[in-house]
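This is what each chain is made of:
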Amino acid sequence: MTLTLHVDGPRWREHLVEVAERTPGLVPVAKGNGYGFGLGRLARRTQWLADRGVGTGQTWGDVLAVGTYDEVAEVADRFHGSILVLTPWRPFGAALEVDPAFAGRVIHTVSRAEDLAALLERQPDARYVLELVTSMLRHGMTGRDLRGLGGLTARGRLEGIALHLPLAQGSHLSQVQRLITDAVSADLPTRTLWVSHLTDSEHERLRASYSDYTIRPRIGTGLWLGDRGALKVTAQVLDVHPVERGDVFGYRSRTAPKSGHVLIVSGGTAHGIGLAAPSGDLSLKSRAATLARGGLDAVGFVRSPYFIGGKQCLFAEPPHMQASMLFLPHGSPVPAVGDEIDVRVRFTTTSFDRVEIS
Amino acid sequence: MSSRQLAQPLTLRAVTPAEHLAFIRTQPSASFLQVPAWGPVKSEWQHESLGWFRPGADGEEMVGAALVLYRQLPKVKRYLAYLPEGPVIDWASFTDPDARLGDWLDPLSAYLKKKGAFGIRIGPPVVTRRWSAAQIKEGVSDPAVRRLDDIAPLERTPTGAAIVSQLHELGWQPQAAEGGFAAGQPQYNFHVPLTVDGRAKTEDEVLKSMNQLWRRNIKKAAKAGVEVTRGTRDDLAAFHELYVHTAERDHFTPRPLSYFQKMWDSLTPEEDDRFVLHLARHEGDLVAATISIRVGQHAWYSYGASSTEKRDVRGSNAVQWEMIRSALAAGATVYDMRGITDTLDADDPHVGLIQFKVGTGGEAVEYVGEWDLPINRPIYAAFQLYMKRR
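Being a predicted model, the structure only gives us computed values, none of them experimental.

Trainee: Got a minute to help me understand the overall build of chain B in this structure?
Mentor: Of the regular secondary structure elements, chain B holds 13 helices and 18 strands. By the compact-globule yardstick of 21 Å for 390 residues, chain B fits well, its C-alpha radius of gyration being 21 Å. Along the first, second and third principal axes, the C-alpha atoms of chain B reach 60 × 50 × 45 Å. Within chain B, the proportion of its 390 residues that are buried is 53%.

As structure tokens, then:
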């Protein structure tokens, strides 16, 4: 009854080490659903990376980045290093409830001048990074805000400046250069730069031009999901029913349009199956594909993320909470109850019942 | 400067060349492209002197100056207002977070807009990064290093960064000078510092920071009996002849003699050492000739020429050394060898120039660079296009 993420352990770990080796200062990111693996597992894996780094004299994974303050507790016991919280600190909510047991390990992200004053008021020895506003216009300070901080940055422990860049569209370097100039203009007592979403060649350029800076690349997707070949998702076939044209089935008592089989497979809306997040891909081709899927819907059946024999299956009706119904037209190979079939999902929106690492 | 002072509004208006010069004389240094006598040198451009004023305890006080060159567009009465290596304002004040560049530039753009400018170009003479001679030397021998930007600088200046940051905020556009020399003033320059720990260096100290080759060549020239003298206006012709010869050899386009005469006529009367012609002779033969310029504590090596014959007597090194000694004697704090390209690629033809300059033991500096503020966007865009296609 399970939707399972199978991980080719040796291949996955080899990929993690390979990314770490070509990314000095790597800061793994574990947030949300833990990229499908779960936050706890990623925290342990980061500790494993950090230990390997220490062995080779490299800094990888001495810091783990999480998305929110609520995620801190989930990683704090499984990972021993510092924990960077990516959501900016605010003088309200979960940020004020950090367990004193690991408050000293937390690095706060500060994106407003008034927040820095308030944070240092509550926690005079707070560790923090200053986030600069990028073209994403999410959170962050401008050059003028930074210059206005004055003596505040001498207090607590300023661990660097942080940039949250948009996904690559052309080169980021000129923007990064401009943002570092803003930081230099404020004469900040730090030479550490926390960045995300730079390509390898951009990192290389940055490390050359700014070798007086320590660069801490934050990487999530490229690290944990960078080698898709090491990852495989399967669902189990729970039941198989032959149907003839006109037979009634499902919650909504639909009728089969032709003869074939109705399959009940594991995985439903509780796992994120059938809940499509906007893909962000705005190409003409993908928009045409969306239209085509809409067309299928109108005729009756919608394409599902389940694959049998490499062929994409159709939903017989919308997914249920923990299982889905598929329709196999007559002539297709029919799996047996208990067989595992492939599922292609977005890892960041799927909750797996089980993660099996070989 | 206190915040209260900064809060005083600045006004801007045209001033006479005499007022302009009087202000320049109160400054430790200013670019020679910003002194009133530079205006007439660029005779194909119109020019004007401007002054910034702040209300003080005893009336108004002049706190900034600019030489504006107006370049007219063909057929329309619209101008690019150009302030080469200017304006002359208190750039150092921008380390104060309350100092707003807009307080200076807003009245400037309002004034120039009324004068019919379609765009403004400035070039704050403020250093953003420095690299040492040793770093450059290392960079040239490292095949992975191709440009200055590939090496972290010795220093990044908060003042330079604050100006860059504020120019971006105010909507000015950097005129990136990629690679070689662009149309405007060079963004990368080579400086020989003439002070150490806040005091003037001795001649010996300056010599000691030079590389062995430079020291040997200076000695060699002295031994060979090379004599360096100051030239008169009449000697400009001999300088020019050698300069044209140098241009042919080194493949650059020479300026006409009349340009140097114009410089002499306009700059020489303004101040001692404002414009000096140096001639290096060996047994009566002119082997090298240079022009130096000084404004306050800043001395420039401006133009140079050398003969192809008698290179072994090292006239070039002799005349450079003489210029450095004069700068020291005049109390200059920096000997400025002017533009370099940012290349550190050993195969680039420009690298020879930087290597020659590096021998003095000075440093490469990056300036804030030239920035434009478009006022009339369609005309400005057309102008940019025209400059690109030229």
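On we go from here.
Trainee: Help me understand the overall build of chain A in this model?
Mentor: Check the secondary structure of chain A and you find nine helices and 18 strands. Within chain A, the proportion of its 358 residues that are buried is 49%. The contacts of chain A with a sequence gap of at least 6 include a subset with a gap of at least 24, amounting to 67%. Summed over its atoms, the accessible surface of chain A is roughly 16,700 Å², and 52% of this surface lies on carbon and sulfur atoms. On chain A, the mean spot of the 39 positive side-chain charges and the mean spot of the 37 negative ones are 4 Å from each other.

Trainee: Help me understand the sheet that holds strand β14 (residues 285–295) of chain B, please; the structure alone is not making it clear to me.
Mentor: Two orientations exist for strands paired in a sheet by backbone hydrogen bonds: parallel and antiparallel. All names here are of chain B. Taken together, nine strands build an open sheet; the order of strands is β7-β6-β17-β9-β16-β15-β14-β13-β12 and the sheet is mixed. Each edge of the open sheet carries a strand with a single partner, namely β7 (155–156) and β12 (227–230). In the sheet, strand β13 (residues 275–282) pairs with β14 via eight bridges, with the strands oriented antiparallel. Along β14, the bridge assignment pairs Arg281 with Leu286. Taken strand by strand, helix α9 (residues 236–250) contacts β13, β14 and β15 (298–306), and its axis lies near 70 degrees from that of β15.

Trainee: Can you walk me through a positive patch on the surface in this structure?
Mentor: A cluster of basic residues, Arg216, Lys220, Arg311 and Arg314 of chain B, forms a positive patch at the surface. Within the secondary structure, Arg311 of chain B sits in the loop between β15 and α11 (315–329).

Trainee: How should the packing of aromatic side chains be read in this particular structure?
Mentor: Between two aromatic rings, the relevant description is the distance of the centres plus the angle of the planes. A complete count under the given rule lists 22 aromatic pairs over all chains for this structure. Seen in terms of ring centroids, Tyr210 of chain A and Tyr213 of chain A are 5.7 Å apart; in terms of plane orientation they differ by 80 degrees. Their pairing is edge-to-face. Residue classification places Tyr213 of chain A among the buried positions, given a relative accessible area of 8%. Through successive ring pairs, a cluster of aromatic residues spans Phe239, Tyr243, Phe252, Tyr259, Phe260 and Tyr303 of chain B. Directly above the aromatic system of Phe53 of chain B lies the positively charged group of Arg13 of chain B, at a separation of 3.9 Å from the ring centroid. Of note, Arg255 of chain B hangs over the ring of Tyr259 of chain B, and the distance from its end group to the ring centre comes to 4.2 Å.

Trainee: What is the right way to look at the environment of Leu26 of chain A in this model?
Mentor: Residues and elements named next belong to chain A. Relative to the helices and strands, Leu26 is located in the loop between α1 (9–21) and β2 (27–28). When its relative accessible area of 0% is taken as the criterion, Leu26 is described as buried. Sequence-distant contacts of Leu26, defined by excluding residues within four places in its chain, comprise Ala20, Leu49, Thr59, Trp60, Gly61, Arg216, Pro217, Ile219 and Leu223.

Trainee: What should I look at first to understand the confidence of the model for chain B in this one?
Mentor: Residues shown with low pLDDT carry predicted positions that ought not to be read at fine detail. Summarising the model, chain B shows a mean pLDDT of 93, and 96% of its residues fall at 70 or more. Note on the complex model: pTM 0.87, ipTM 0.84.

Trainee: It is not clear to me how the packing of α1 of chain A against helix α2 (residues 39–56) of chain A should be interpreted in this structure. Could you clarify?
Mentor: Packed helix pairs are specified by the crossing angle of their axes together with the interaxial distance, meaning the distance between the axes. All names here are of chain A. The contact between α1 and α2 brings their axes to 11 Å, and the two run at 55 degrees. Of the possible angle classes, the one that applies to α1 and α2 is oblique. Both α1 and α2 take part in a crossing whose hand is right-handed. Touching Trp12, Arg13, Leu16, Val17 and Ala20 of α1 are Leu42, Arg45, Trp48, Leu49 and Arg52, all from α2. When grouped by side-chain class, the residues that make up the contact of α1 with α2 number seven nonpolar, no polar and three charged.

Trainee: Sorry if this is basic, but what is going on with the pairing of strand β7 (residues 157–163) of chain A here?
Mentor: A regular strand places its side chains so that they alternate between the two faces of the sheet. Residue and element names in this part refer to chain A. Extensive coverage of β7 is indicated by the burial of six of its seven residues. Sheet topology places strand β6 (residues 127–132) next to β7; six bridges connect them, and they run parallel. Note on β7: the bridge partner recorded for Arg127 is Arg157.

Trainee: Looking at this model, I keep getting lost on the interface of chain B and chain A. Mind explaining?
Mentor: Taken residue by residue, the interface counts 18 residues in chain B and 18 residues in chain A. The contact between chain B and chain A buries some 1,600 Å² in all, and 44% of this surface belongs to carbon and sulfur atoms. Our count for the chain B to chain A interface comes out at five salt bridges. For Arg144 of chain A, the salt bridge is made with Glu169 of chain B, and the minimal N-O distance between the two is 3.4 Å. Linking chain B with chain A are 10 residue pairs in polar contact (both at pLDDT 80 or more), by the criterion used here. Top element by residues in the side of chain B that touches chain A is helix α6 (residues 158–169) of chain B. It accounts for eight residues. Of the residues contributing to the side of chain B that touches chain A, the split by class is eight nonpolar, four polar and six charged.

Trainee: I would appreciate a short explanation of the packing of helix α8 (residues 212–224) of chain B against α11 of chain B in the present structure.
Mentor: All names here are of chain B. Here α8 crosses α11 at 95 degrees, and the two axes come no closer than 8 Å. Relative to α11, the element α8 is oriented roughly perpendicular. Along its contact with α8, which presents Trp214, Asn217, Ile218 and Ala221, the element α11 presents Asn317, Ala318, Gln320 and Trp321. Its residues assigned to classes, the contact of α8 with α11 shows five nonpolar, three polar and no charged.

Trainee: Hey, could you run me through the pattern of salt bridges in this one?
Mentor: One pass over the structure, following the stated rule, counts 40 salt bridges over all chains. Linked by salt bridges that have partners in common, Arg205 of chain A together with Arg129, Arg147, Asp149, Asp150, Asp342 and Glu366 of chain B make up one network.

Trainee: When you look at the sheet that holds strand β3 (residues 59–72) of chain B in this model, what are you seeing that I'm missing?
Mentor: Residue and element names in this part refer to chain B. Overall, mixed pairing links the seven strands, which are arranged β1-β2-β3-β4-β5-β18-β8 in an open sheet. Each having just a single partner strand, β1 (11–14) and β8 (173–174) make up the two edges of the open sheet. For strand β4 (residues 79–83) and strand β5 (residues 117–122), the ladder comprises five bridges, and the chain directions are parallel. Following the sheet pairing, Leu83 is matched in β5 by Ile122. Across the face of the sheet, helix α2 (residues 17–26) comes into contact with β2 (46–56) and β3 while running at roughly 115 degrees to β3. Relative to β2, helix α4 (residues 101–114) is tilted by about 140 degrees, and along the sheet it contacts β1, β2, β3, β4, β5 and β18 (371–374).

Trainee: Could you clarify how one ought to interpret the domain arrangement of chain A in this entry?
Mentor: Many authors give the size of an interface as the accessible area that is lost as the parts come together. All names here are of chain A. Taken as a whole, chain A is organised into domain 1 (8–226) and domain 2 (233–357). Taken together, the contact between domain 1 and domain 2 spans nine residues of the former and seven residues of the latter. Contact with domain 2 buries area across many residues of domain 1, yet Asn33, Gly36 and Arg41 alone supply 53% of it, more than any other trio. Seen at the junction of domain 1 and domain 2, the total is zero salt bridges. Broken down by element, the residue count for the side of domain 1 that touches domain 2 peaks at three residues, all from α1.

The rules behind the values
Residues numbered from 1 in each chain as written. Chains lettered and ligands numbered in written order. Predicted model: local features only at pLDDT ≥ 70, side-chain atom pairs only at ≥ 80, totals over all residues. Heavy atoms only, no water. Helix = DSSP H or I, 4+ residues; strand = E, 2+ residues; numbered from the N terminus. Rg over C-alpha atoms; globule rule 2.2 N^0.38 Å. Buried < 20%, exposed > 50% of the residue type's maximum accessible area, 1.4 Å probe, protein only. Contact = heavy atoms within 4.5 Å. Areas by Shrake-Rupley, 256 points an atom, 1.4 Å probe, with all protein chains shown as cover. Lys, Arg positive; Asp, Glu negative; His and termini not counted. Charge placed at Lys NZ, Arg CZ, Asp CG, Glu CD. Pairing = 2+ DSSP bridges. Axes fitted to C-alpha atoms, helices over the stretch in contact; angles between N-to-C directions. Patch = residues over 30% accessible without salt bridge, like charges linked within 9 Å, V, L, I, M, F, W, Y side chains within 5 Å. Salt bridge = Lys/Arg side-chain N within 4 Å of Asp/Glu carboxyl O. Phe/Tyr/Trp six-rings, centres within 6.5 Å; stacked < 30°, edge-to-face > 60°. Lys NZ or Arg CZ within 6 Å of the ring centre and 35° of its normal. pLDDT = per-residue confidence, 0-100. Parallel < 35°, antiparallel > 145°, perpendicular 65-115°, else oblique. Left-handed = near helix turned anticlockwise from the far one by under 90°. Nonpolar A, V, L, I, M, F, W, Y, C, P; charged D, E, K, R; others polar. Buried area = accessible area lost by both parts, 1.4 Å probe. Polar contact = N/O pair within 3.5 Å; in protein donor to acceptor, adjacent residues only side chain to side chain. Domains from an automatic or database assignment.

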